[in-house]
Every structure is written in C-alpha cells, then in structure tokens.
Amino acid sequence: MEKIKILAIVGSLRKDSLNRQLALAAKEVLGDRAEFTILEYGDIPMMNEDMEFPTPAAVARVREAVKAADGIWFFTPEYNHFMPGLLKNLLDWLSRPMSQELRRQVLARKPTAISGITPGLSGTCSAQDTLGSLLGIVNMDVMNSLRLTIANAGQEQDKDGKLKLTVSQPFLEKQADLFLKFIDKRKNL
Ligand SMILES: Cc1cc2nc3c(=O)[nH]c(=O)nc-3n(C[C@H](O)[C@H](O)[C@H](O)COP(=O)(O)O)c2cc1C
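Just so it is clear, the structure is predicted and the values come from calculations on it, not from any experiment.

*Asks:* Quick one: what's the story with the overall build of the protein, residue by residue and with numbers?
*Replies:* From N to C terminus, the protein includes 5 helices and 6 strands. Scanning the protein from its N terminus toward the C terminus, one meets helices and strands in the order β-α-β-α-β-α-β-α-β-β-α. Relative to a compact globule of 189 residues, whose C-alpha radius of gyration would be 16 Å, the protein shows 16 Å and is just as compact. Counting only C-alpha atoms, the protein reaches 50 × 40 × 25 Å along its principal axes. Taking all 189 residues of the protein together, 38% fall into the buried category.

*Asks:* I'd love a proper account of the site of the ligand, names of residues and values included.
*Replies:* The environment of the ligand is formed by 14 residues, the closest being S12, S17, N19, P77 and G120. Class assignment for the residues of the shell around the ligand results in 4 nonpolar, 8 polar and 2 charged.

*Asks:* Quick one: what's the story with the environment of T149, residue by residue and with numbers?
*Replies:* Among the secondary structure elements, T149 is positioned in strand β6 (residues 148-150). Residue classification places T149 among the buried residues on the basis of 20 C-beta atoms within 10 Å. Between the alpha carbons of T149 and S122 there is a distance of 8.1 Å; along the sequence they are 27 residues apart. Setting aside its immediate chain neighbours within four residues, T149 contacts G116, G123, T124, C125 and Q128.

*Asks:* Can you tell me about the nonpolar core, naming the residues and giving the values?
*Replies:* In this structure, I6, A8, L22, A26 and W73 are the most contacted members of the largest nonpolar core, which totals 46 residues. The element best represented in this core is helix α1 (residues 18-30), accounting for 6 residues. When residues no more than four places from it in sequence are discounted, the contact partners of W73 are I6, A8, A26, A113 and F179.

*Asks:* Give a description of helix α3 (residues 85-94) that names residues and reports values.
*Replies:* Listing the buried residues of α3 in full gives L87, L90, L91, W93 and L94. Angularly, the buried residues of α3 cover 155 degrees about the axis, an arc narrow enough to put them on a single face. At its buried positions, α3 is contacted by α2 (57-68) and α4 (125-137).

*Asks:* Before we move on, can you summarise the packing of α1 against helix α5 (residues 169-187) with the specific residues and values?
*Replies:* Helix-helix packing is characterised by the crossing angle of the two axes and by the distance between the axes. Two elements in contact, α1 and α5, have axes whose closest approach is 10 Å; the angle formed by their N-to-C orientations is 65 degrees. You can see that α1 and α5 cross each other, and the crossing is right-handed. Only L172, E173 and A176 of α5 make contact with α1, whose side of the interface consists of A25, A26, V29 and L30. Tallied by class, the residues present in the contact of α1 with α5 amount to 6 nonpolar, no polar and 1 charged.

*Asks:* Please provide a residue-by-residue account of the environment of E52, values included.
*Replies:* When you line up the elements, E52 lands in the loop between β2 (34-38) and α2. The exposure class of E52 is partly exposed, given the 15 C-beta atoms found within 10 Å. Expressed as a C-alpha distance, the spacing of E52 and Q100, which sit 48 residues apart in the sequence, is 9.2 Å.

*Asks:* Could you give an account of unusual backbone geometry, naming the residues involved and the relevant values?
*Replies:* The step from F53 to P54 runs through a cis peptide bond, and the omega angle for that step is 0 degrees. Along the chain, P54 turns up in the loop between β2 and α2. Following S145, the chain continues into L146 via a peptide bond in cis, with omega recorded as 5 degrees. Assignment of secondary structure puts L146 in the loop between β5 (141-142) and β6. At N80, a position not held by glycine, the phi torsion is positive, near 50 degrees. Tracing the backbone shows N80 in the loop between β3 (71-75) and α3. On the neighbour-count criterion, N80 (8 C-beta atoms within 10 Å) is exposed.

Conventions and cut-offs
- Residues numbered from 1 in each chain as written.
- Predicted model: local features only at pLDDT ≥ 70, side-chain atom pairs only at ≥ 80, totals over all residues.
- Helix = DSSP H or I, 4+ residues; strand = E, 2+ residues; numbered from the N terminus.
- Rg over C-alpha atoms; globule rule 2.2 N^0.38 Å.
- Buried ≥ 20, exposed ≤ 12 C-beta atoms within 10 Å, placed from the backbone.
- Near = placed C-beta within 6 Å.
- Nonpolar A, V, L, I, M, F, W, Y, C, P; charged D, E, K, R; others polar.
- Contact = placed C-beta atoms within 7 Å.
- Core = buried A, V, L, I, M, F, W, Y, C linked by C-beta atoms within 7 Å.
- Arc of directions from axis to C-beta.
- Axes fitted to C-alpha atoms, helices over the stretch in contact; angles between N-to-C directions.
- Left-handed = near helix turned anticlockwise from the far one by under 90°.

As structure tokens, then:
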C-alpha cells in the first residue's frame, strides 16, 4: 500500500521559526506512517494577475507539490491576530487555475490540518480562525477537531531556543493520529 503523502506548509520564512520546528516535530511523530515534506515557497512572487500566464516556474512547482499530496498540514504563526501575509499570498496563487486551458485548481477537497505556536498567550487561535476561514473559501476539507494551538512557547524551548514539546507532545500525537484517519477516510470515498 502506498504511504500517505503529507505536505507541510509553514507560515514563516524565519531560520529558527518555532512553527518550522513544530512541523519537524510532527514529521517525527508521524514516523514511517507518512511521507512528510515541508514545502519551500519563499521564491514565489507577490500575486499579480499580469504575471499569471505563463505560470511563473516557482508557482508551477508549488502547485505540483500540493497536487501530489494527500493532505496539507499548515503550521501558522500569528501576525497581528491574523495568518501571515505570505500564507495568504501562497493560497491566492494556489486558488487560481493551473493554466488557461486547464481551469482546475489544486486545493479543492484537499484534506488539511492546522497547528500553530507562539511565544504569546493566544496560541495562534485568531490566526487559525482566519486561515480556517480562507481554507473553507477555497474549498479545502478542513479538520477542525482538533486544531493544535500552543501558547507560551518559551515553556517548551530549551535554553538554546530549541523546541522541546514537554507539555504539548501528546496533543501533537493525537492530532497526527486524527489527521491520518481523516485523510484515509477521504482517500477511500
Ligand atoms: C508582524 C508581527 C506580528 C505579530 N503579531 C503577533 C500576534 O498577533 N500574536 C502573537 O501571539 N504573536 C505575534 N507575533 C510574534 C510571533 O508570534 C513570533 O514572532 C513567532 O515566533 C513567529 O513565528 P515563527 O517563530 O514560526 O517565525 C508577531 C510577530 C510579527 C513579526
């Protein structure tokens, strides 16, 4: 049987990003139950309809990666109580047709999960709400139970800033289990 393919989309380009570290922790939790890749998309341009066709190479590459995935797992920071602009920009590109001839877009009905971590108190709740709302608008199939929100990241970092999920590890494990089931159910529909 083919392994489930999960594509992680991290809403931060920061080298030491907590959300990227959370994605790597999720990869570890999934182990050999899934193929887990982090999407690199720092090179896509700002959305500009004048540039849509021919499709910029970086956009074509991320669209192919999303198309090939069985599920998309978002790891979002919170910027001013919203999802970061770079995630909105990415999703705007992904929501558009693959080419002038092929009007299909790659997001529709794709199973998704949402997680996020912040040093602050909100745990990225507000950002996740804005992201979840957008994912619904672009017809993605969002797993709302459970979403993982991690607040007070400082409590889960060692002295060098490396993420150690002392409190949240069981919740990450639970979310990974649920997401595998969520994807599996949809694959067999
Ligand atoms: C423009 C900006 C706005 C921010 N707004 C919030 C916020 O509304 N709530 C919050 O908890 N943290 C906020 N932060 C702090 C981020 O949560 C923190 O920098 C976090 O580490 C970013 O995620 P990353 O580590 O994955 O890059 C903000 C940071 C930036 C740069």
